[in-house]
Amino acid sequence: MNLQWYPGHMTKARRMMQEDLKLIDLVIELLDARAPLSSRNPDIDEMSRQKSRLLLLNKADLADEKKNQEWGAFFQKKGFYTAKVDSRSNAGLKAIHNIIKEACKEKLERDRRRGIKNRPIRAMVVGIPNVGKSTFINSFAGKACTKTGNRPGVTKGKQWIRLNKSVELLDTPGILWPKFDDPQVGERLAMIGSVKDDLINIEELSLKLIGYLQRNYPGLLQKRYNIDESGETLQLLEAIARERNCVRKGADLDYEKAAAMVMEEFRGGRLGRITLE
């Protein structure tokens, strides 16, 4: 699957982000906990090198808890502040204020020495499309101050949100990078919904997911769909289509409908807590 998606608004967003970084004390990058490495934009890494960094493993409730712990430890060893959150249920958000203060303690100490009082920490919230930035900001701020949506590309321009006297957030549009060098990165991003479905082959993508689950979460497909999962991936999709009555007129199996159902159930957490890497 050769996925390339870098529309004009992403080029504009990248340029805008570079300009705004001069005003920022902290970069808060949201990752999708189901694909923490694939959902990291290397452009953001490059642009934010001189800034304090906080990585949030968002949608942690949908990811394998053991893997959540392992990825958190991995990023901490790299020198990042990290936290796992579920922005929809507010899980993990209470601890973030203290982490922000800890990440910016040098800035706060510098302000104190200069006699600067009550200047808020300015944090930029970044991440790829559909990773949950707007939902995080709304939950963190306790009010609906940004648009949210379950499709990539809802946030079009930047917005400043004042949380309290000590923290201001800058929301930014989600940006992918111009090229996925590793095709598996593109596949994982498509699986978690960060690439629009109309740009992908849903049947091919579902076969990739089925194969991954078969290898890494044995028994899961059998339990969910009441099928024998020992065959080839196409046979499994066929069995799922038959079991869930995905048929066209004339009794032909509707592979596309079955594939879309598998992807939807994975994204919604109905297949269980799964991490893709």
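Residues numbered from 1 in each chain as written. Predicted model: local features only at pLDDT ≥ 70, side-chain atom pairs only at ≥ 80, totals over all residues. Heavy atoms only, no water.

K.L.:
Explain the pattern of salt bridges to me, please; I cannot follow it from the model alone.
P.N.:
Pairing of side chains with opposite charge becomes possible as their charged atoms draw close. Per the stated rule, a full pass over the model turns up 25 salt bridges. A salt bridge links Glu-109 to Arg-112, with the shortest nitrogen-to-oxygen separation between them at 2.6 Å. With Glu-109 and Arg-112 both in helix α5 (residues 105–113) and three residues apart, this pair spans about one turn of that helix. Relative accessible area serves as the criterion here: at 30%, Glu-109 is assigned to the partly exposed category. Here Arg-112 falls in the exposed class, since its relative accessible area comes to 55%. Across the pair Arg-188 and Glu-277 runs a salt bridge, and its minimum N-O distance is 3.1 Å. A residue pair is termed long-range when its members are at least 10 positions apart, and Arg-188 in helix α7 (residues 183–191) and Glu-277 in the segment after α11 (255–267) qualify at 89 residues. With a relative accessible area of 18%, Glu-277 lands in the buried category. Within this structure, Glu-29, Arg-40, Asp-45 and Arg-53 form a network of salt bridges that share partners. (Salt bridge = Lys/Arg side-chain N within 4 Å of Asp/Glu carboxyl O. Helix = DSSP H or I, 4+ residues; strand = E, 2+ residues; numbered from the N terminus. Buried < 20%, exposed > 50% of the residue type's maximum accessible area, 1.4 Å probe, protein only.)

K.L.:
Sorry, what's going on with α11 here?
P.N.:
Given 3.6 residues per turn, any residue in an α-helix points the same way as the ones three and four places further on. For α11, with 13 residues, the first-to-last C-alpha span of 18 Å sits near the 18 Å given by 1.5 Å per residue. For α11, the set of buried residues is Ala-258, Ala-259, Met-261, Val-262, Met-263, Glu-265 and Phe-266. For α11, the secondary structure elements touched by its buried residues are α7, α8 (202–216), α9 (220–225) and α10 (233–243). The backbone nitrogen of Glu-256 lies 3.3 Å from a side-chain oxygen of the residue at the head of α11, namely Asp-254. Positive phi shows up at Gly-269, right after α11, with a value of about 80 degrees. (Expected span 1.5 Å × (residues − 1). Contact = heavy atoms within 4.5 Å. Polar contact = N/O pair within 3.5 Å; in protein donor to acceptor, adjacent residues only side chain to side chain.)

K.L.:
Mind showing me how you'd approach the pairing of strand β4 (residues 121–126) here?
P.N.:
Across a regular strand the side chains alternate sides, sitting on one face of the sheet and then on the other. With five of six residues buried, β4 lies mostly within the body of the structure. The sheet contact formed by strand β1 (residues 26–32) and β4 spans four bridges and is parallel. Across the sheet, the residue bridging to Ile-28 is Val-125, located in β4. (Pairing = 2+ DSSP bridges.)

K.L.:
Is there a simple way to think about the pairing of strand β3 (residues 81–84) in this case?
P.N.:
Sheet topology note: the strand β2 (residues 52–58)/β3 ladder contains four bridges and is parallel. Within the sheet, the bridge partner assigned to Leu-54 lies in β3 and is Tyr-81. In the classification by handedness, the crossover that spans β2, the intervening helix α3 (residues 65–77) and the parallel β3 is right-handed. (Right-handed = clockwise from strand over helix to strand, strands pointing away.)

K.L.:
Mind showing me how you'd approach the environment of Glu-243 here?
P.N.:
Inspection of the secondary structure puts Glu-243 in helix α10. Between the alpha carbons of Glu-243 and Tyr-225 there is a distance of 6.9 Å; along the sequence they are 18 residues apart. Once residues lying within four places of it in the same chain are set aside, the contact partners of Glu-243 are Tyr-225, Asn-226 and Ile-227.

K.L.:
Please clarify how the sheet that holds strand β6 (residues 167–171) should be interpreted in this entry.
P.N.:
Hydrogen bonding along the main chain pairs the strands of a sheet, whether they run parallel or antiparallel. Overall, mixed pairing links the six strands, which are arranged β3-β2-β1-β4-β6-β5 in an open sheet. If you trace the sheet from one side to the other, it starts and ends with β3 and β5 (159–162), each paired once. Adjacent strand axes in the sheet meet at a mean angle of 25 degrees, parallel and antiparallel pairs treated alike. α3 contacts β1, β2 and β3 of the sheet and is inclined by roughly 170 degrees relative to β3. (Axes fitted to C-alpha atoms, helices over the stretch in contact; angles between N-to-C directions.)

K.L.:
When you look at unusual backbone geometry in this model, what are you seeing that I'm missing?
P.N.:
The phi torsion of most residues other than glycine is negative, and most of the peptide bonds are trans. With a phi angle near 60 degrees, Asn-118 is a residue other than glycine that sits in the positive phi range. With respect to the helices and strands, the residue Asn-118 is situated in the loop between α5 and β4. Accessibility expressed as a relative area gives 72% for Asn-118, which makes it exposed. A positive phi angle, near 65 degrees, is found at Asn-130, a position not held by glycine. Given a relative accessible area of 16%, Asn-130 falls into the buried group.

K.L.:
What's the story with the packing of α8 against α11 in this structure? I'm lost.
P.N.:
Relative placement of two packed helices is described by the angle separating their axes and the distance separating the axes. Packing of α8 against α11 brings their axes to within 8 Å, and their N-to-C directions diverge by 55 degrees. Considering the angle they form, α8 stands oblique to α11. Judged by the twist between their axes, the crossing of α8 over α11 is left-handed. In contact with Ile-202, Glu-203, Leu-205, Ser-206, Leu-209 and Ile-210 of α8, α11 contributes Tyr-255, Glu-256, Ala-259, Ala-260, Val-262, Met-263, Phe-266 and Arg-267. A class-by-class count of the residues in the contact of α8 with α11 yields 10 nonpolar, one polar and three charged. (Parallel < 35°, antiparallel > 145°, perpendicular 65-115°, else oblique. Left-handed = near helix turned anticlockwise from the far one by under 90°. Nonpolar A, V, L, I, M, F, W, Y, C, P; charged D, E, K, R; others polar.)

So, to be careful, I would describe these as geometric facts and stop short of saying anything about function.
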